[in-house]
Number of protein chains: 2
Amino acid sequence: MEMRQLRYFDSIVKYGTMREAAAKLFISEPSISQQISELQKEIGLPLFEKQGRNVVLTSEGKQLLPLVQAILEAVTELETGISEILNPGSGLIRLGVIPITRLDLVPKKLTEFVKIYPDICVELIESGTLEIIERLLNDTMDVALIAANSRIKSLMELSGIKYKVISNANSVAVVSCSHPLAKYEKISFSQLLDERIILRRQGIYREEIDNFLGDSVKHDGIYSTDTYETSIKLVDSNLGIAIMPETFISAYGLNEGSKIKILFLDDFQVSLDICFIYKKRNYYPLYLTNFMRIFTDTHD
Amino acid sequence: MEMRQLRYFDSIVKYGTMREAAAKLFISEPSISQQISELQKEIGLPLFEKQGRNVVLTSEGKQLLPLVQAILEAVTELETGISEILNPGSGLIRLGVIPITRLDLVPKKLTEFVKIYPDICVELIESGTLEIIERLLNDTMDVALIAANSRIKSLMELSGIKYKVISNANSVAVVSCSHPLAKYEKISFSQLLDERIILRRQGIYREEIDNFLGDSVKHDGIYSTDTYETSIKLVDSNLGIAIMPETFISAYGLNEGSKIKILFLDDFQVSLDICFIYKKRNYYPLYLTNFMRIFTDTHD
DNA sequence: GCTTATTACGGCAATCGTAATGATT
DNA sequence: AATCATTACGATTGCCGTAATAAGC
């Protein structure tokens with residue numbers, strides 16, 4: 001099975017007759033005819049049948065056509081990729097990230113990327129989820145890492161933004177070691193009800209937590225902070241129990257000597273996904289698709 | 001650029017050295033070397049460079065490798081497709097549909113499918129959205145058409161069901177011609193508040209409507225029916241104003257002589273998508289992928 | 001000296017084109 | 001008679017393998 005044969009196959013379908021296909025391909029009619037016979041013999045299936053003096057697709061041909069076209073499209077993409085390397089463009093990637101969450105992933109992935117593309121410039125933009133989506137839409141940002149709930153996912157679908165989930169923003173509770181709950185490894189929802197809860201003031205993560213807590217926790221039982229760092233400082237002073245993404249903790253790597261304790265949540269979870277997102281469009285430069293590939297490759 | 005060259009390229013990367021790749025491919029070392037030089041000359045880029053006595057990928061090679069692999073994978077799929085036609089399996093497609101909504105689409109698409117696959121049996125299963133998802137998961141159903149809100153979409157994402165939006169379940173209001181509102185072409189939300197509203201009793205569509213209406217319409221102002229047909233009968237008797245998917249109306253083709261009037265909704269919409277869904281898996285038979293292709297092809 | 005890649009060269013297979021034949025309208 | 005596909009056949013291309021050469025460890 002040769003590329004040539006697939007191209008001939010596709011062209012015959014495209015132009016209707018072997019004659020015309022041959023003309024468009026600048027080859028003789030017997031060549032195309034012979035190649036198709038060859039192909040049919042090799043795969044053991046008829047692709048065309050005679051209808052009058054023309055040829056038309058058989059049922060088998062109809063079934064296989066899209067698979068052949070998929071190959072030819074992949075070839076076109078390779079050719080595009082080659083010409084991109086030969087004629088390099090600006091070479092700037094504007095990467096949006098929400099503050100902190102999973103920021104630990106970025107340096108690792110960027111290191112990997114820079115090895116292949118030492119000349120591509122990556123601009124890191126920290127911003128809120130909605131602002132990031134806005135910037136993707138008006139083309140002042142190329143790709144981003146955000147945390148998304150289902151509302152954000154619907155919003156993205158409606159506005160033509162594609163997302164790939166790369167991990168979950170599981171939550172943990174954080175308390176001071178001198179807090180009564182510090183003796184546990186896990187805690188359940190009911191144990192939270194009488195505690196003072198410390199949360200980050202805004203963002204999708206807070207929104208989800210609020211949805212979950214609902215009216216069960218009275219509003220004056222909540223401390224709001226602007227950053228997770230501040231939340232941890234409050235915990236350190238034993239002012240309450242903080243709920244935050246596990247990834248924040250692992251990114252900050254609280255060590256053994258720390259005065260705070262991490263508690264896993266037994267019976268509730270914030271359903272937020274860490275997503276790699278980008279605007280849906282017809283064409284992406286090769287360095288961008290490879291950038292995406294590296295970031296959405298979660299095999300490590 | 002020949003298939004052979006791409007295969008050689010891929011194999012060298014896979015096996016590390018030209019020697020081993022040549023051995024695995026049952027060809028001589030000079031052949032593979034020559035083909036790679038040929039390929040590099042053609043595309044004008046170095047793919048490998050010497051490192052000691054071995055060859056390693058250049059930066060360009062690293063960039064292009066995934067594109068080449070995409071081609072080879074597409075070829076594998078074609079080969080799989082061919083062998084499927086040669087060794088046909090059971091050939092049964094179990095298609096789930098939710099009652100009524102967009103059922104008008106099914107016969108049209110099935111007709112198209114049967115032309116290519118006269119021997120494949122299609123079993124139509126009418127069921128509720130959640131039951132359909134359940135059946136997809138336990139493999140008693142292959143594909144389905146449902147209406148999904150964002151909650152259902154999240155559910156599907158979590159449970160490994162893929163969905164493709166093929167249209168929107170826009171809602172319209174339906175009133176008797178003798179109803180006071182029948183003089184309008186469009187109505188707004190505020191005009192609904194004092195009306196008796198007729199809705200289907202259950203399902204995702206009802207769920208969405210309930211979410212939207214919230215507490216603004218008092219509960220005793222709602223009539224529930226089991227089918228949209230019944231809703232229309234109630235409207236016919238001027239018992240209230242029904243809200244239902246536009247697709248139901250167009251499927252049933254209410255003609256000119258009808259005593260009911262369709263009103264478009266000016267300032268609110270149910271955000272439900274008609275989705276073609278299937279379980280994520282490694283392998284789909286060719287007739288199934290073509291079935292999906294036909295159903296998700298919205299160019300008509 | 002052993003391993004790995006590249007060059008040189010002859011044999012063989014495969015593609016292409018021209019010309020002739022076949023089939024349909 | 002005109003259009004479109006297929007068969008026949010010779011010329012050319014180009015792939016492959018063996019053998020020889022070059023380069024690392």
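These figures come from a predicted structure and were not determined experimentally. (Residues numbered from 1 in each chain as written. Chains lettered and ligands numbered in written order. Predicted model: local features only at pLDDT ≥ 70, side-chain atom pairs only at ≥ 80, totals over all residues. Heavy atoms only, no water.)

A.B. asks: An account of unusual backbone geometry is needed here, citing residue identities and associated values.
C.D. replies: Residues and elements named next belong to chain A. Positive phi values are uncommon outside glycine, yet Phe26 reaches one of about 55 degrees. One non-glycine residue, Asp139, lies in the positive phi region at around 65 degrees. In this structure, Asp139 sits in the loop between α6 (129-137) and β5 (143-148). Judged by relative accessible area, Asp139 falls into the partly exposed class, the value being 38%. (Helix = DSSP H or I, 4+ residues; strand = E, 2+ residues; numbered from the N terminus. Buried < 20%, exposed > 50% of the residue type's maximum accessible area, 1.4 Å probe, protein only.)

A.B. asks: An account of the protein's contact with DNA strand C is requested, with residue identities and associated values reported.
C.D. replies: Neighbouring residues of DNA strand C: 21 residues in total, closest A:Arg4, A:Tyr8, A:Ser28, B:Arg19 and B:Ser33. Within the backbone of B:Arg53, an N or O atom sits 3.2 Å from a sugar or linking oxygen of DNA strand C. Secondary structure elements with two or more residues in the surface near DNA strand C: α1 (3-15) and α3 (29-43) of chain A together with α2 (18-24), α3 (29-43) and β2 (54-57) of chain B. A total of four residues in the surface near DNA strand C trace back to one element, the largest contributor, which is α3(A). In the surface near DNA strand C, the residues fall into seven nonpolar, eight polar and six charged. (Near = heavy atom within 4 Å. Polar contact = N/O pair within 3.5 Å; in protein donor to acceptor, adjacent residues only side chain to side chain. Nonpolar A, V, L, I, M, F, W, Y, C, P; charged D, E, K, R; others polar.)

A.B. asks: How would you summarise a positive patch on the surface if you had to cite specific residues and measurements?
C.D. replies: Taken together, the side chains of A:Lys162, A:Lys164, A:Lys280, A:Arg293, B:Lys162, B:Lys164, B:Lys280 and B:Arg293 present a region of like positive charge at the surface. Breaking the positive patch down by element, the ones donating at least two residues are β6 (161-168) of chain A together with β6 (161-168) of chain B. Within the fold, B:Lys280 resides in the loop between β13 (273-279) and α12 (286-296). (Patch = residues over 30% accessible without salt bridge, like charges linked within 9 Å, V, L, I, M, F, W, Y side chains within 5 Å. Areas by Shrake-Rupley, 256 points an atom, 1.4 Å probe, with all protein chains shown as cover. Salt bridge = Lys/Arg side-chain N within 4 Å of Asp/Glu carboxyl O. Lys, Arg positive; Asp, Glu negative; His and termini not counted. Charge placed at Lys NZ, Arg CZ, Asp CG, Glu CD.)

A.B. asks: Residues and numbers for the relation of the copies chain A and chain B, please.
C.D. replies: Of the transformation superimposing chain A on chain B, the axial component is 0.0 Å and the angular component is 180 degrees, with the fit at an RMSD of 0.1 Å. Taken together, the rotation and translation relating the two chain copies correspond to the operation of a two-fold axis. Comparing interface residues between copies, 100% of those in chain A also sit at the interface in chain B, which points to an isologous, same-surface contact. (Least-squares fit on C-alpha atoms with pLDDT ≥ 70 in both. Contact = heavy atoms within 4.5 Å.)

A.B. asks: Any chance you could break down the interface of chain A and chain B for me, citing the residues and the numbers?
C.D. replies: Each side of the interface is counted separately: chain A has 37 residues, and chain B has 37 residues. Between chain A and chain B, the buried area comes to about 3400 Å², and carbon and sulfur atoms account for 70% of it. Linking chain A to chain B there are two salt bridges. Residue A:Lys153 is joined to B:Glu157 by a salt bridge in which the shortest nitrogen-to-oxygen separation is 3.2 Å. In this assembly, chain A and chain B are joined by ten residue pairs in polar contact (both at pLDDT 80 or more). For the side of chain A that touches chain B, the elements supplying multiple residues, two or more each, are α1, α4 (59-86), α7 (150-159) and α12 (286-296) of chain A. At 19 residues, α4(A) tops the list of elements feeding residues into the side of chain A that touches chain B. By residue class, the composition of the side of chain A that touches chain B is 21 nonpolar, seven polar and nine charged. (Buried area = accessible area lost by both parts, 1.4 Å probe.)

A.B. asks: Which residues make up the packing of helix α6 (residues 129-137) of chain B against helix α7 (residues 150-158) of chain B, and what are the values?
C.D. replies: Between two packed helices, what matters for the description is the angle formed by their axes and the separation of those axes. Residues and elements named next belong to chain B. Interaxial distance between α6 and α7 falls to 12 Å at its minimum, and their mutual angle equals 10 degrees. Comparing their axes, α7 and α6 come out roughly parallel. From α6, Thr129, Leu130 and Ile133 reach across to α7, where they touch Ile152, Leu155 and Met156. Taken together, the residues of the contact of α6 with α7 sort by class into five nonpolar, one polar and no charged. (Axes fitted to C-alpha atoms, helices over the stretch in contact; angles between N-to-C directions. Parallel < 35°, antiparallel > 145°, perpendicular 65-115°, else oblique.)

A.B. asks: Just give me the short version of the pairing of strand β11 (residues 241-245) of chain B, but keep the residues and values in it.
C.D. replies: All names here are of chain B. Here β11 lies mainly inside the structure; five of its five residues are buried. Bridge count for strand β7 (residues 171-176) against β11 is four bridges, and the pairing is antiparallel. Bridging from a neighbouring strand, Val174 pairs with Ala242 of β11. With two bridges connecting them, strand β9 (residues 197-200) and β11 associate as parallel partners. The residue bridging Ile197 from the neighbouring strand is Ile241, located in β11. (Pairing = 2+ DSSP bridges.)

A.B. asks: Before we move on, could you go through the pairing of strand β9 (residues 197-200) of chain A and cite the residues and values that matter?
C.D. replies: Residues and elements named next belong to chain A. Side chains Ile197 and Leu199 of β9 all project onto a buried face; the interleaved residues Ile198 and Arg200 project onto the opposite face, where all are buried too. Looking at chain direction, β9 and strand β10 (residues 222-225) are connected through four bridges and run parallel. What sits directly across from Ile198, in β10, is Tyr223.

A.B. asks: Help me get a handle on the nonpolar core, residues and values and all.
C.D. replies: For soluble globular proteins, the rule of thumb is that nonpolar side chains tend to be buried together. By size, the foremost hydrophobic cluster in this structure holds 204 residues, and its most contacted members are A:Leu64, A:Ile277, B:Leu64, B:Ile277 and B:Phe295. Beyond its immediate chain neighbours, meaning those up to four positions away, B:Leu64 contacts A:Leu78, A:Gly81, A:Ile82, A:Ile85, A:Leu286, B:Ile43, B:Leu45 and B:Leu47. (Core = buried A, V, L, I, M, F, W, Y, C linked by side-chain atoms within 4.5 Å.)

A.B. asks: Requested: an account of the domain arrangement of chain A, with residues and values cited.
C.D. replies: Residues and elements named next belong to chain A. Split by domain assignment, chain A resolves into domain 1 (3-85), domain 2 (88-167 + 273-296) and domain 3 (169-270). Once you take the C-alpha centre of each, domain 1 and domain 2 turn out to be 38 Å apart. At the junction of the two partners, domain 1 supplies four residues and domain 2 supplies six residues. At the boundary of domain 1 with domain 2, total buried surface from both sides reaches about 360 Å², with 53% on carbon and sulfur atoms. On inspection of domain 1 and its partner domain 2, the count reaches zero salt bridges. Here domain 1 is connected to domain 2 by two residue pairs in polar contact (both at pLDDT 80 or more). Tallied by class, the residues present in the side of domain 1 that touches domain 2 amount to one nonpolar, two polar and one charged. (Domains from an automatic or database assignment.)

A.B. asks: Account for the sheet that holds β13(B), naming residues and giving values.
C.D. replies: Residues and elements named next belong to chain B. An order of β4-β3-β5-β13-β6 is seen for the five strands of this open sheet, with the pairing classed as mixed. Of all the strands in the sheet, just β4 (121-126) and β6 have a single pairing partner and so form its edges. Taking the axes of each pair of neighbouring strands and ignoring which way they run, one obtains an average angle of 25 degrees across the sheet. Of the pairings in the sheet, the one linking strand β5 (residues 143-148) to β13 comprises six bridges and is antiparallel in character. Bridged to Ala144 within β13 is Ile277.

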